[in-house]
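# Descriptive analysis of the structure
The primary structure of each chain is shown beneath.
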Amino acid sequence: MSVQPQKRYFNVDDYYRMFQAGVFSQEDRVELIEGEVVEMSPIGSSHGGTVNRSSTFLRRKLDDIVIVSVQNPVRLDDFSEPQPDLALLKPRKDFYSKAHPIAEDVLVVIEVADTSLAYDRNVKLPLYARAGIPEAWLIVLAKEVIEIHSQPGRGTLIKASVPLPRELETVN
């Protein structure tokens, strides 16, 4: 008799209980994607520098218009709470200290792709689209471009590609 292994999917509440129980620590780089706890890629210096430059640039340009959230959770549904590199959020007086933002709070989500390009493009961007986030940007470090994915519709995004602005380029 053959027994097929079954996956156990977790919801956001289960995910937080695992942290409270010590299964994961705050230092663990994990996120909840479609009910699965996924280990995130380590942040290399090029990736980290691009996130820092991007957040500084966006804060300068959009100060008081949006909240620029850096590597913080966004609850998309009961089974997904990714931690995008950057998210431009609708302003809220509490700055989301009472609850993490949900998909409806997100104006633009930004992922910086170095070693995570395939995962970001094939898993995370469709996830953001299905949640109804109006725009997702993928900064592709190897090509120094920003892919702009918009009009989520039925879970797909239309893509345009623009060169990385000089302010965001990697300093050699």
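Here the structure is a predicted model, which means the values were calculated and not measured.

Another point: the overall build of the protein. What the protein contains, in helices and strands, is three helices and eight strands. Going from N to C terminus, the protein has its helices and strands arranged as α-β-β-α-β-β-β-α-β-β-β. Taken against the 2.2 N^0.38 rule, which gives 16 Å for 172 residues, the C-alpha radius of gyration of the protein at 17 Å falls within 12% of a compact globule. In the structure as shown, the protein presents an accessible area of about 10200 Å², 52% of it carried by carbon and sulfur atoms. A gap of 3 Å separates the mean positions of the 20 positive and 25 negative side-chain charges of the protein.

Glancing now at the packing of aromatic side chains. The tally for this structure, following the rule as stated, stands at three aromatic pairs. Both rings, one in Y15 and one in Y16, keep their centres 5.5 Å apart while their planes meet at 75 degrees; by these two values the pair is edge-to-face. With a centroid separation of 5.5 Å and 45 degrees between ring planes, the pair formed by F19 and F24 is classed as tilted. Comparing F19 with F24, the two get one shared label, buried. Taken together, Y15, Y16, F19 and F24 form an aromatic cluster joined through their ring pairs.

Turning our attention to unusual backbone geometry. Positive phi is not limited to glycine here, since Q71 has a value of about 50 degrees. Looking at the element boundaries, Q71 is found in the loop between strand 3 (67–70) and strand 4 (86–89). Here the phi dihedral of F95 falls at roughly 55 degrees; this positive angle occurs in a residue that is not glycine. Tracing the chain through its elements places F95 in the loop between strand 4 and strand 5 (106–113).

Now for the nonpolar core. What tends to happen in soluble globular proteins is that the nonpolar side chains get buried as a cluster. In this structure, L76, L89, V106, V109, Y128 and I133 are the most contacted members of the largest nonpolar core, which totals 19 residues. Every element with two or more residues in this core is listed here: strand 4, strand 5, helix 3 (117–130) and strand 6 (135–140). Among residues more than four places away in sequence, those in contact with V109 are P84, L86, A87, Y128, I133, E135, A136 and W137. V51, V66, I110 and I146 belong to the second-largest nonpolar core, a separate cluster that totals 15 residues.

Right, let's get into the pairing of strand 7 (residues 145–150). Most of strand 7 sits out of view: five of its six residues are buried. Where strand 6 and strand 7 come together, six bridges link them in antiparallel fashion. Each bridged residue has a counterpart across the sheet, and for V140 the counterpart in strand 7 is V145. Once strand 6 ends, the chain turns through four residues before running back antiparallel as strand 7, passing E144 with a positive phi of about 50 degrees.

Attention now moves to the pattern of salt bridges. In the structure shown here, the tally under the stated rule is nine salt bridges. Among the ionic pairs, E111 bridges to K124, the shortest N-O distance being 3.0 Å. With a gap of 13 residues between them, E111 in strand 5 and K124 in helix 3 connect regions that are remote in the sequence. Both residues of the pair, E111 and K124, belong to the buried class. Shared partners join several salt bridges into a network, and the residues in it are R8, D14 and R17.

Reading the values: the criteria
- Residues numbered from 1 in each chain as written.
- Predicted model: local features only at pLDDT ≥ 70, side-chain atom pairs only at ≥ 80, totals over all residues.
- Heavy atoms only, no water.
- Helix = DSSP H or I, 4+ residues; strand = E, 2+ residues; numbered from the N terminus.
- Rg over C-alpha atoms; globule rule 2.2 N^0.38 Å.
- Areas by Shrake-Rupley, 256 points an atom, 1.4 Å probe, with all protein chains shown as cover.
- Lys, Arg positive; Asp, Glu negative; His and termini not counted.
- Charge placed at Lys NZ, Arg CZ, Asp CG, Glu CD.
- Phe/Tyr/Trp six-rings, centres within 6.5 Å; stacked < 30°, edge-to-face > 60°.
- Buried < 20%, exposed > 50% of the residue type's maximum accessible area, 1.4 Å probe, protein only.
- Core = buried A, V, L, I, M, F, W, Y, C linked by side-chain atoms within 4.5 Å.
- Contact = heavy atoms within 4.5 Å.
- Pairing = 2+ DSSP bridges.
- Salt bridge = Lys/Arg side-chain N within 4 Å of Asp/Glu carboxyl O.

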